[in-house]
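# Report on the structure
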Amino acid sequence: MTANGASALGAVPEEVAFAQEVPRGEPILEVLDLVKHFPLTQGIVFKKQVGAVKAVDGVSFDLMKGETLGIVGESGCGKSTLAKVLMNLEPATGGSVRYKGEEISRLSGAGLKAVRRNIQMVFQDPYTSLNPRMTVGDIIGEPFEIHPEVSPKGDRRKAVQDLLDVVGLNPEYINRYPHQFSGGQRQRIGIARGLALKPEVIICDEPVSALDVSVQAQVINLLEQLQGEFNLSYMFIAHDLSIVRHISDRVGVMYLGRMVEIGSDAEIYDHATHPYTQALLSAVPVPDPTARESRDRIVLTGDVPSPANPPSGCRFRTRCWKAQERCAVEVPLLAAPSWLDGPARHESACHFAAEREVGQSAAEREVGQSAAERENGQNGQGGTGPG
Amino acid sequence: MPDIHDEDSYEPHPKPGVSHLDYAGEQGMAVEQETLVESDVVKREEARSLWGDAWRDLRRRPIFLISAVLILLLVIMAIFPWAFTDADPRKADLVHNYLKRPDWTDFFGAGWFGYDGQGRSIYARVVYGARASITVGICVTAAVTVLGGLAGMIAGYFGGGVDAVISRIIDIFFGIPLLLGALVLLNAFSTRTVWSVVVALGFLGWTQIARVMRGAVLTVKQSDYVVAGRALGAGTGRLMFRHILPNAIAPVIVVATIALGGYIATEATLSFLGIGLQDPTISWGIDISSAQKVIRTAPYVLFFPAAALSVTVLAFIMLGDAVRDALDPKLR
Amino acid sequence: MTTAVDTTKPAREAPYEGPLLDVRDLHVEFVTRDGVARAVNGVNYSVRAGETLAVLGESGSGKSVTAQAIMGILDMPPARIPRGEIRFRGQDMLRMGREERRRIRGRKIAMIFQDALSSLNPVLSVGFQLGEMFRAHHGTSRKEAKDKAIELMERVRIPAAKQRVNDYPHQFSGGMRQRIMIAMALALEPDLIIADEPTTALDVTVQAQVMDLLAELQAEYHMGLILITHDLGVVADVADKIAVMYAGRIVETAPVYELYARPAHPYTRGLLDSIPRLDQKGQELYAIKGLPPNLLRIPKGCAFNPRCPRAQDVCRVEVPELFPVTEDDGTALAGRGSACFFWKETLHDR
């Protein structure tokens, strides 16, 4: 198995190749103020836009060469839409995505095809992401048919078998159909398909959440091993915070279409300064019964507001115990708070960013909660919650 | 249905610093077990795609076997009618054979089913009549499947304005009863052959398939594997024919098979009404129509072509039913 | 404690002394066209009033099938129960009449499913569906039933219950819908609640709310709770005792603290070890090798043996029973059992 992606790249026409190497630790993907709105329309013939679901609303971050950036957040926070926009599966409404310095969010045709070679995706559900009518060989070999320059025709069968071997499956299974495999094995097939074009970036959208607990660790190990072997950059989207911590170098937390906090894994997990991150971390069930009594869990009240009608100012304010009037007026920027020092000083979008002192704010929170509850009651009367 | 997945013990790709070597003892054991299971898997291999499974399922259904044998027989009859009878279906002998009763001793002979009001062999006419019915049924079905399938695929895949236009056309056609529409259309032909009937029914019938196809495509289009294909950079043609069509075709085949019987019945009805096929074409519908005049005195003149028609239509509908049961995963 | 819900119902029966539910040697099989899938192979467990039993297992372990057998909602065929007893308050439900069994289901044992949206009727308002429980079982009037529905919604802390009682299921968020499911299960004040992955479909922050609510209501009504889950975190938070299932058998039982501190079955150990820990950052995770077994061809002997780091020849031949787990000096450990020939060694592993 050749691990050298650069040699194959030579065959691509000059103008669409992204040939220059990005050194490790430099940004390979730069996302700036990315916006994705899904218009809500009325009428069939004469469509009238009546609003928009603001799925991703101004997200900025860099993905470095060779790193794993974890993205966490609850359903409806926009993390899956973010993946789709980065993959060019959905057109961006605004903002920019740069791959190796070149704008890719408005590409089409040959340029887009070239980008697709370099950014690949591993899907959440291994049961629906493989075409049931195609054999494993056809599924993993399809990238070569679409991009014939990557592997000459005669070598394809061998290339597919090599890929099966790399992901730990028997190369003799090449003629089998997906339903003959278990979930974990199917996810390996999906990973092999993602690797086929020797991409530099792989976006993993909840790659293990559909798998059995005892198989999850196998797939995580495989992903880590492949990263080292092929010098891949991962964007790892998941809701399982312990897995994200294990695999990620940096972690971004999303809430309602915005990035609320981003930093190294230790900065986020041990020195979170955004109230939402703190609540999220405190809510994760810890597989240790002795922690039952000692835990100081922040139980958030109410639900995530609808992304079609997000709160003004800070989007978390309706559920936040720290919320003040300022939060309703002024949108907090994602920046390192000047009033904090040490590891706590990392990018956090909160006017009152501060590390949480365990046990400190029980009474304080109580007050904030009832305020939030009142607010939420009003929201509730509004009718529909998020779908 | 549980999957076969006993084969993950394969791990020859060396991982740096992995502990799986600790399991060397078990590994040997696992390999042994794998070879055991392997032969089992190979045995099942052939019948493991959807069509393979459906075929395995169909082979065990008596309804499918009966209807398939009947249809095969009818198709052979349509292609080689002379292999079934020596008699000439057009030879009229009013002097000797006027409304002659069926003669059961004349096994497979001209007089087996008796003679009609013009002294023609009913058996021969039933045999020769199969060609018109089967031709109309198969040709109309083929035409509507291709036309309707394409229209449904385009509407479902592209959506938006294209879909709106095609869907409205489908709606308009849906308002026209098949029989009434065919009556009007066929009136425009001065001479009506099998092909004019095919054109008329095909023109009116494609919308049914288009609807089914559009629905199936809309569902399949959402699947992750189609998204995965797009993410790889696959073009429209590849997505449509490699990913979507094979996964959307099953319901279309079911509807088409059942509709085939309906087209045969419609052809007979049109011929019966005098607006479908015309003499000298031999058709069960025409024979049923002319048998009306003698129904009291000689009911067998009506019975045999009518029975042939019913059996044919029933055979196709039963086949469609069996195929649907075999392809519908919800019933598994 | 609000007791208004009780008014139309006869006073609660005196607490039952023995186990509320006692499952003995339960077997469930499914007839498929590839053969007989043995989903449950001799399961024993019991729950008392006020107790929370967590049944932990992966997909295909038989944890949900056992629950469905208890509720009597298995489709038979293809399922069949060749052997076993399911005793509720001492009476075997498998040998009861259809009517008698129906009366227990819903009224005495209620179930909460993972997917609240598909368990609620989309064309009826939640108030109507909640009220229906009272109308069907107690013949309460329409007006009164609605009041009770509001009351139940308030109990499970749905904000603005009065305004929302006429809303339809799709108008609620996932967490709120699961609360409505809980309200429905509680409506007739059952003795036992079976919750099948009640929080799996929910977000972490909402999970915590719903689990807390469930635990609180359980304590308040002194109900038995069977919590079926694959999530070691959720189990650690709420369970009293745990039964770990693998390939249709219980492989380990233990009180919650003991299980996490000292597992006595290699499968349980493997599950606990494969949770990412802080000090393992950057290292390979421990992974149980291989795959969960195919129920059509469960390995001979101990079903876990092809994946087990401890497997010996005996494991490939003989099926281990659930051995009682004791300390080295022979002191029995209450409630502990392990279906492993080498439980002693496993217990001392760390």
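Residues numbered from 1 in each chain as written. Chains lettered and ligands numbered in written order. Predicted model: local features only at pLDDT ≥ 70, side-chain atom pairs only at ≥ 80, totals over all residues. Heavy atoms only, no water.

So, on to the packing of helix 6 (residues 160–174) of chain B against helix 8 (residues 194–221) of chain B. All names here are of chain B. Running from N to C, helix 6 and helix 8 cross one another at 130 degrees; their axes reach a closest spacing of 9 Å. The angle between the axes of helix 6 and helix 8 places the two elements in the oblique class. Crossing angle aside, the handedness with which helix 6 passes helix 8 is left-handed. Of the residues in helix 8, those in contact with Asp163, Ser167, Ile169, Ile170, Asp171, Phe173 and Phe174 of helix 6 are Phe203, Leu204, Trp206, Thr207, Ala210, Arg211 and Arg214. Considering only residue class, the contact of helix 6 with helix 8 consists of 8 nonpolar, 2 polar and 4 charged. (Axes fitted to C-alpha atoms, helices over the stretch in contact; angles between N-to-C directions. Helix = DSSP H or I, 4+ residues; strand = E, 2+ residues; numbered from the N terminus. Parallel < 35°, antiparallel > 145°, perpendicular 65-115°, else oblique. Left-handed = near helix turned anticlockwise from the far one by under 90°. Contact = heavy atoms within 4.5 Å. Nonpolar A, V, L, I, M, F, W, Y, C, P; charged D, E, K, R; others polar.)

Residue and element names in this part refer to chain B. The first and last C-alpha atoms of helix 3 (residues 62–79) sit 26 Å apart over 18 residues, in line with the 26 Å expected at 1.5 Å per residue. For helix 3, the full list of buried residues reads Phe64, Ser67, Ile71, Leu74, Met77 and Ala78. On an axial view of helix 3, the arc spanned by its buried residues comes to 160 degrees, and they lie on one face. Residues of helix 3 that are exposed and point over 90 degrees away from its buried face: Pro62, Val69 and Leu72. (Expected span 1.5 Å × (residues − 1). Buried < 20%, exposed > 50% of the residue type's maximum accessible area, 1.4 Å probe, protein only. Arc of directions from axis to C-beta.)

All names here are of chain B. The tally for this structure, following the rule as stated, stands at 16 aromatic pairs over all chains. Judged by centre distance (5.2 Å) and plane angle (85 degrees), the rings of Phe113 and Tyr123 are edge-to-face. In this pair, Phe113 is assigned in the loop between helix 4 (94–97) and helix 5 (122–158) and Tyr123 in helix 5, connecting sequence segments 10 residues apart. Like Tyr123, Phe113 is buried. Summarising the aromatic geometry, the rings of Phe173 and Phe203 are spaced 5.3 Å apart at their centres and angled 75 degrees between planes, so their arrangement reads as edge-to-face. Pair noted here: Phe173 is in helix 6 and Phe203 is in helix 8, with a separation of 30 residues, a long-range link. (Phe/Tyr/Trp six-rings, centres within 6.5 Å; stacked < 30°, edge-to-face > 60°.)

Residue and element names in this part refer to chain C. In this sheet, strand 4 (residues 79–88) lies alongside strand 1 (residues 21–32) in antiparallel orientation, the contact comprising 7 bridges. In the strand pairing of strand 4, Glu29 is matched with Arg80. Hairpin connection of strand 4 to strand 5 (residues 91–92): 2 residues between the antiparallel strands, including Arg89 at a positive phi of 50 degrees. (Pairing = 2+ DSSP bridges.)

Residue and element names in this part refer to chain B. The share of residues in chain B with pLDDT of 70 or more is 83%, and the mean pLDDT across the chain is 78. Low pLDDT, under 50, characterises residues 1–47; the stretch is placed with 87 contacts to residues that sit more than four places away or in other chains. For this predicted complex, the interface score ipTM comes out at 0.77, alongside a pTM of 0.77. (pLDDT = per-residue confidence, 0-100.)

A separate point is the sheet that holds strand 4 (residues 94–99) of chain A. Residues and elements named next belong to chain A. Read across the sheet, 4 strands follow the order 2-1-4-5 without closing on themselves; strand pairing throughout is antiparallel. Strand pairing shows two members of the sheet lacking a second neighbour, strand 2 (48–64) and strand 5 (102–103), which therefore form its edges. In this structure, strand 1 (residues 27–42) lies alongside strand 2, joined through 13 bridges in antiparallel fashion. Its bridge partner being in strand 2, His37 is matched across the sheet by Lys54.

Attention shifts here to the pattern of salt bridges. Counted by the stated rule, this structure contains 37 salt bridges over all chains. For Glu258(C), the salt bridge identified is with Arg336(C), shortest N-O distance 3.4 Å. Pair noted here: Glu258(C) is in helix 10 (residues 256–261) and Arg336(C) is in strand 12 (residues 332–338), with a separation of 78 residues, a long-range link. For Arg336(C), a relative accessible area of 5% puts it in the buried group. Taking the shortest distance from any N to any O, the salt bridge between Asp273(C) and Arg269(C) comes out at 3.1 Å. Here Arg269(C) and Asp273(C) lie together in helix 11 (residues 266–273), a separation of 4 residues that amounts to about one turn. The same class applies to Asp273(C) and to Arg269(C), which are both buried. A network of salt bridges, in which partner residues are shared, links Asp138(A), Glu142(A), Glu145(A), Arg238(B) and Arg242(B). (Salt bridge = Lys/Arg side-chain N within 4 Å of Asp/Glu carboxyl O.)

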